[in-house]
Amino acid sequence: MELHDRIVAELEETRSLAALIWLVDRGREVEFSAEGKGYFLSRSKAGKYVSLWDSKTEQSFGSVEELLERAKVSGRPFLAAWKDARIETIF
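Here the structure is a predicted model, which is why all the values come from computation and not from measurement.

### Looking at the overall build of the protein chain
- Each helix and strand counted, the protein chain has four helices and seven strands in total.
- Order of helices (α) and strands (β) in the protein chain, N terminus to C terminus: α-α-β-β-β-β-α-β-β-α-β.
- The C-alpha atoms of the protein chain give 12 Å as radius of gyration, which agrees with the globular expectation for 91 residues (12 Å, within 12%).
- Each of the three principal axes of the protein chain carries a C-alpha extent, and together these read 35 × 25 × 20 Å.
- Within the span of the protein chain, comprising 91 residues, buried residues form 41% of the whole.
- In the protein chain, the proportion of contacts linking residues at least 24 apart, taken out of those at least 6 apart, comes to 38%.
- Summed over its atoms, the accessible surface of the protein chain is roughly 5200 Å², and 48% of this surface lies on carbon and sulfur atoms.
- Taken together, the 14 basic and 16 acidic charged side chains of the protein chain have centroids lying 5 Å from each other.

Take a look at the structure:
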C-alpha cells in the first residue's frame, strides 16, 4: 500500500487531524456529515487557501490549521464536531 493510500485509510478509520491536514494540503477534498448536516472541505476554488461549505455558506481560511481552529460546524467549533463526524467521501 502506498503512503497516500495509508493516509487516506488513517483518515477514514480514525478521523486523524494530521491525515486531514496532509490530504487537504495535497488537494484532496472531503465530504462529511456532522449533526445531521452535510459539509464539503476543499482548497480548490477557495476564497482563501481552504474552505468549508455547508448547503448555504462558505467559511474560508488561510490554512488548514486555521480552519481547524476557527471554523464552525452547526455552530460548534470544528474540532468539537469533527470527533463525531462521519466521512462520506474523499476525493
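### Comments concerning the nonpolar core
- Counting 27 residues, the largest nonpolar core has Leu 11, Leu 20, Phe 32, Leu 41, Leu 52, Leu 67 and Phe 78 as the members making the most contacts within it.
- Of all the elements in the fold, those that place two or more residues in this core are helix 1 (3-14), helix 2 (17-25), strand 1 (30-34), strand 2 (37-42), strand 3 (50-53), helix 3 (64-70), helix 4 (78-82) and strand 7 (86-90).
- The greatest single-element share of this core, amounting to five residues, is contributed by helix 2.
- The residues contacting Phe 32, other than those within four sequence positions of it, are Lys 37, Gly 38, Tyr 39, Leu 41, Leu 52, Phe 78, Trp 82, Ala 85, Arg 86, Ile 87 and Glu 88.

### Focus: unusual backbone geometry
- Positive phi outside glycine occurs at Arg 15, with the angle close to 55°.
- Within the secondary structure layout, Arg 15 lies in the loop between helix 1 and helix 2.
- For Glu 35, which is not glycine, the phi dihedral falls at a positive 55°.
- With respect to the helices and strands, Glu 35 occurs in the loop between strand 1 and strand 2.

### Focus: the sheet that holds strand 2
- Taken in spatial order, the five strands make up an open sheet running 4-3-2-1-7, and their pairing is antiparallel. Edge positions in the sheet fall to strand 4 (58-61) and strand 7, since each has one partner strand and no second. Ignoring which end each strand starts from, the neighbouring axes of this sheet average 20° apart.
- Where strand 3 lies against strand 4, four bridges are found, and the strand directions are antiparallel. Each residue of the ladder has a partner; that of Leu 52, found in strand 4, is Gln 59.
- Contacting strand 1 and strand 7, helix 1 runs over the sheet at an angle of about 155° to strand 7.

Cut-offs applied
- Residue positions are counted from 1 within each chain, in the order its sequence is given.
- Only residues with pLDDT of at least 70 are given local features in this predicted model, and only at 80 or more are side-chain atom pairs given and counted; all residues enter the totals for whole chains, interfaces and linings.
- Side-chain numbers here rest on the full set of heavy atoms in the structure, without hydrogens or water.
- The helix count covers DSSP runs of H or I at least four residues long, the strand count covers runs of E at least two residues long, and both are numbered beginning at the N terminus.
- For the radius of gyration, the atoms used are the C-alpha atoms, and the globule rule reads 2.2 Å times the number of residues raised to 0.38.
- Here's how the labels work: a residue is buried when its accessible area is under 20% of the maximum for its type, exposed when over 50%, partly exposed in between, all with a 1.4 Å probe on protein chains only.
- Note on contacts: a residue pair is in contact if any heavy atoms of the two residues lie within 4.5 Å.
- Using the Shrake-Rupley algorithm and a 1.4 Å probe, accessible areas are obtained, with residue cover drawn only from the displayed protein chains.
- Neither His nor the chain termini are counted; the positive set is Lys and Arg, and the negative set is Asp and Glu.
- Charge placement uses NZ in Lys and CZ in Arg. For Asp and Glu, CG and CD serve respectively.
- Here, nonpolar core refers to any group of buried Ala, Val, Leu, Ile, Met, Phe, Trp, Tyr and Cys residues whose side-chain atoms link them within 4.5 Å.
- Here a strand pair is declared whenever DSSP counts at least two bridges between the two strands.
- Only the stretch in contact is used when fitting a helix axis, every axis being a line fitted to C-alpha atoms; angles between N-to-C directions are given from 0 to 180 degrees.

Read these as spatial facts, not as claims about activity.
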